[in-house]
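Chain by chain, the residues:
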Amino acid sequence: MSQQRGSDPSGRLPAAFHVPGSSSFTDFVRDHAPEVLPGSRPLPAGAVPAHGGPFTGGPGGGQPPHATTIVAIVCEAGVVMAGDRRATAGNMIAQRDIEKVFPADDHSCVGIAGTAGLALEMVRLFQVELEHFEKLEGALMSFEGKANRLSTMIRGNLGLALQGLAVVPVFAGYDLEAGRGRIVSYDVTGGRYEEVDHHSVGSGSVFARGALKKLFRPGMSAAAAVRVAVEALWDAADDDSATGGPDLLRGIWPVVTVVTAQGYQRVTDAEVAAVVDAVVANRRGNPGGRPQESTEGASGA
Amino acid sequence: MSMPFYVSPEQVMKDKADYARKGIARGRAVVVVAFAGGIVFASENSSRALHKISEIYDRVAFAAVGKYNEFENLRVAGVRYADLRGYSYDRSDVTARGLANAYAQTLGTIFTTESKPYEVELVVAEVGPDPAADQIYRLTYDGSVADEHGFVAMGGSAEQITAKLAERWSAGLSLEEALALAVEALGSDAAAEAAGRGPRTIDPEQLEVAVLDRTRTRRLFRRLPPPVLVSLLAPTADATADSTTAEAAAPDAG
């Protein structure tokens, strides 16, 4: 058991707990109990096969589930992030109601695309990392600091990424020092890039990005950004089989979050349902989702 | 050749205990008071950065008196213990009892094996879903643990302050009442008793106050900065309205 590692026979807290200096949970655990960290377990060489292979059971020939599309949009009050609810394993739907957007701390959120199991573990460690720093230092980590910590974690997963188990998160939040919402994207090597206005990741991101380009307006309100996020996810689901649209039969809605100076807030299912209803009403007989005003303009011409 | 003097083990322990007690009694007091909505921690501490009260985990907080470097070391160890346990198991598996045991073993070992004992006294407290499930553990320099009910005072003038709390505390206080009692108790120290003019008044700027608030979700620990304290301590008829604004104004940073 990790708690017992290096412990004193008297039962006192192990010496590693008393070492002053580091405010990083990852650094502390790497010294004290490395087996609980992702990336510290040796894996056999070779890639994960595209179909079937050594994995057994589960849909999709036992391939690990993949999480798909996430969109993030800067709005006037901060930033909006939304993700669809589908996880796929090969050509199968592994889960209909997976959640892929999480609070990282009170003023930031992280959305995941890629191998779901590894990504969820990364998010969990990232959340503890930020909270640990906050408690030990008595201060919030800077936005840059958070983005860099996540970058380091992604780089730690590079070996697995090259074997076909990539994790590509998108990080967004309200920068309390700069006083605005910010979005940071990553590649599998841990490279981090600041995005202006909006960004999307995952298999449906190409289609979502097209929608975002057309619908984004600088300085838009949070409510308008939520609508744009739902529209973009709809367009992604329309053309990408791995992205799930809103499930009207089961009442499964995209996870939509808003991060402002007041903190992280998840938009309630009832509010998202209302936005989805509006999108559906607009797209009936108008599958591309052209805004109604321009439809009227076109018919008048 | 000189022979070392024989000192009986009783004398060694007594000397260490006296040394630790003197160190602890020199500092300002910390009081911990349970109320209907959680547990409030208060201390006279003019520093905004060097805290005596701190968050450990979702439902668990820590308060200490004595030597800063020693209790800060224990606080850091506690946060590491809690975060590692919560990460390897689940957030609900981190309890004040487990942490109090770990601290007790640590303090006990240091007291018996090292030449200088820690000059600290700690409280580890956890709020449950209702007041009956609240736990307050008080740990002393030698590793002994006491399961306290309702209130604790430790540090300088602890006796006088405890007497005040024992006289006035009752179950089911509101936050305003518990806070007013805590501040009055902190002001009822030996100096005030000697002066014989009743409790000193303590400026809110000089107070470090935090609560474990049962009504919050996930991380229940919140610090109450001086502006919030002023409104909470103000003797107004409409106390409920005050507490609502206070909660809204409390910042998120720990």
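The structure presented is a predicted model; accordingly, all values stated were derived computationally and were not measured.

A.B. asks: Describe the overall build of chain A, naming the residues involved and giving the relevant values.
C.D. replies: Secondary structure summary: chain A contains eight helices and 13 strands in total. Counting over 301 residues, chain A shows a buried share of 50%. A sequence separation of at least 24 residues applies to 63% of the contacts in chain A between residues at least 6 apart.

A.B. asks: Residue-level account of a nonpolar patch on the surface, with values.
C.D. replies: Together, B:Phe5, B:Val7 and B:Val12 give the surface a local cluster of nonpolar side chains, amounting to about 320 Å² of exposed area. Tracing the sequence through the fold places B:Val7 in the segment before helix H1 (9–26).

A.B. asks: Report on the pattern of salt bridges, specifying residues and quantitative values.
C.D. replies: Applying the stated criterion across every chain, the model contains 38 salt bridges over all chains. The partner of B:Arg21 in a salt bridge is B:Asp18, and the shortest N-O contact between them spans 3.1 Å. Linking B:Arg21 with B:Asp18, this pair stays in helix H1, spanning three residues, or about one helical turn. Relative accessible area serves as the criterion here: at 26%, B:Asp18 is assigned to the partly exposed category. In the salt-bridge network here, residues are joined through shared partners; they are A:Glu131, A:Lys135, B:Asp58, B:Asp83, B:Arg91 and B:Arg218.

A.B. asks: Please give an account of helix H7 (residues 269–283) of chain A that cites residues and values.
C.D. replies: Residues and elements named next belong to chain A. Helix length check: H7 (15 residues) gives 21 Å between terminal C-alpha atoms against 21 Å at 1.5 Å per residue, within 8%. Val-272, Ala-273, Val-275, Val-276, Val-279, Val-280, Asn-282 and Arg-283 are the residues of H7 that are buried. A positive phi of about 75° marks Gly-285, the residue just after H7.

A.B. asks: Before we move on, can you summarise the nonpolar core with the specific residues and values?
C.D. replies: In this structure, A:Phe171, B:Ile56, B:Tyr103 and B:Leu122 are the most contacted members of the largest nonpolar core, which totals 62 residues. Excluding anything up to four places from it in sequence, B:Ile56 contacts A:Lys135, B:Ala61, B:Phe62, B:Arg75, B:Gly78, B:Val79, B:Ala82, B:Leu99 and B:Tyr103. A:Ile73, A:Val228, A:Ala232 and A:Ala236 belong to the second-largest nonpolar core, a separate cluster that totals 29 residues.

A.B. asks: Lay out the pairing of strand S9 (residues 180–186) of chain A with the relevant residues and their values.
C.D. replies: All names here are of chain A. With respect to burial, S9 is a largely interior element, six of its seven residues being buried. Sheet analysis places strand S8 (residues 167–175) next to S9, joined by six bridges and oriented antiparallel. The partner of Ala-172 across the bridge, within S9, is Ile-183. The turn joining S9 and strand S10 (residues 192–195), which pair antiparallel and follow one another in sequence, is formed by five residues; a positive phi near 95° is taken by Gly-190.

A.B. asks: An account of the environment of A:Val226 is needed here, citing residue identities and associated values.
C.D. replies: Residues and elements named next belong to chain A. As for its position among the elements, Val-226 is in helix H6 (residues 222–239). The exposure class of Val-226 is buried, given its relative accessible area of 7%. Distance from Val-226 to Leu-130, taken between C-alpha atoms, is 26 Å for residues 96 residues apart in sequence. Leaving out residues up to four positions away in the same chain, Val-226 has contacts with Val-80, Val-256, Val-258, Val-267 and Val-275.

A.B. asks: Talk me through the confidence of the model for chain B; I want residue IDs and the actual numbers.
C.D. replies: All names here are of chain B. Within chain B, residue pLDDT values average 89, and 92% of them lie at 70 or more. Element-level mean pLDDT values for chain B span from 46 in helix H8 (residues 239–249) up to 97 in strand S6 (residues 135–139). Interface predicted TM-score (ipTM) for the complex: 0.87; the corresponding pTM is 0.88.

A.B. asks: Which residues make up unusual backbone geometry, and what values go with them?
C.D. replies: Residue and element names in this part refer to chain B. Positive phi, normally seen in glycine, also occurs at Ser-157, with a value near 55°. On the secondary structure map, Ser-157 appears in the loop between strand S8 (151–154) and helix H4 (158–168). Not every positive phi belongs to a glycine, and Arg-218 is a case in point at roughly 55°. With respect to the helices, strands and loops of the structure, Arg-218 is situated in the loop between strand S9 (207–213) and strand S10 (221–224). Residue Arg-218 is classed as partly exposed on the basis of its relative accessible area of 48%.

A.B. asks: So what about the interface of chain A and chain B? Which residues, and what values?
C.D. replies: Contacts between the two partners involve 32 residues from chain A and, on the opposite side, 33 residues from chain B. Buried surface at the junction of chain A and chain B, both sides included, amounts to about 3000 Å², of which 52% is carbon and sulfur. At the boundary of chain A with chain B, the tally comes to five salt bridges. In this structure, B:Arg218 engages A:Glu131 in a salt bridge whose closest nitrogen and oxygen atoms are separated by 3.7 Å. Counting across the chain A and chain B interface gives 14 residue pairs in polar contact (both at pLDDT 80 or more). Of all the secondary-structure elements, those providing two or more residues to the side of chain A that touches chain B are helix H1 (25–32) and helix H2 (116–137) of chain A. The element that contributes the greatest number of residues to the side of chain A that touches chain B is H2(A), accounting for nine residues. When the residues that make up the side of chain A that touches chain B are grouped by side-chain class, the tally is 14 nonpolar, 11 polar and seven charged.

A.B. asks: Pulling in residues and values, what's your account of the sheet that holds strand S11 (residues 198–201) of chain A?
C.D. replies: All names here are of chain A. Reading across from one edge, S11-S2-S3-S12-S13 is the order of the five strands in this open sheet, with antiparallel pairing throughout. Strand pairing shows two members of the sheet lacking a second neighbour, S11 and strand S13 (263–266), which therefore form its edges. Within this sheet the neighbouring strands show an average axis-to-axis angle of 15°, counted without direction. Looking at chain direction, strand S2 (residues 70–74) and S11 are connected through four bridges and run antiparallel. Among the inter-strand pairings, Ile-70 is bridged to a residue of S11, identified as Val-201. Set on the sheet, H6 makes contact with S2, strand S3 (78–83) and strand S12 (255–260); between it and S3 the angle comes to about 25°.

Here is what the cut-offs are and how they apply
- Residues numbered from 1 in each chain as written.
- Chains lettered and ligands numbered in written order.
- Predicted model: local features only at pLDDT ≥ 70, side-chain atom pairs only at ≥ 80, totals over all residues.
- Heavy atoms only, no water.
- Helix = DSSP H or I, 4+ residues; strand = E, 2+ residues; numbered from the N terminus.
- Buried < 20%, exposed > 50% of the residue type's maximum accessible area, 1.4 Å probe, protein only.
- Contact = heavy atoms within 4.5 Å.
- Patch = residues over 30% accessible without salt bridge, like charges linked within 9 Å, V, L, I, M, F, W, Y side chains within 5 Å.
- Areas by Shrake-Rupley, 256 points an atom, 1.4 Å probe, with all protein chains shown as cover.
- Salt bridge = Lys/Arg side-chain N within 4 Å of Asp/Glu carboxyl O.
- Expected span 1.5 Å × (residues − 1).
- Core = buried A, V, L, I, M, F, W, Y, C linked by side-chain atoms within 4.5 Å.
- Pairing = 2+ DSSP bridges.
- pLDDT = per-residue confidence, 0-100.
- Buried area = accessible area lost by both parts, 1.4 Å probe.
- Polar contact = N/O pair within 3.5 Å; in protein donor to acceptor, adjacent residues only side chain to side chain.
- Nonpolar A, V, L, I, M, F, W, Y, C, P; charged D, E, K, R; others polar.
- Axes fitted to C-alpha atoms, helices over the stretch in contact; angles between N-to-C directions.

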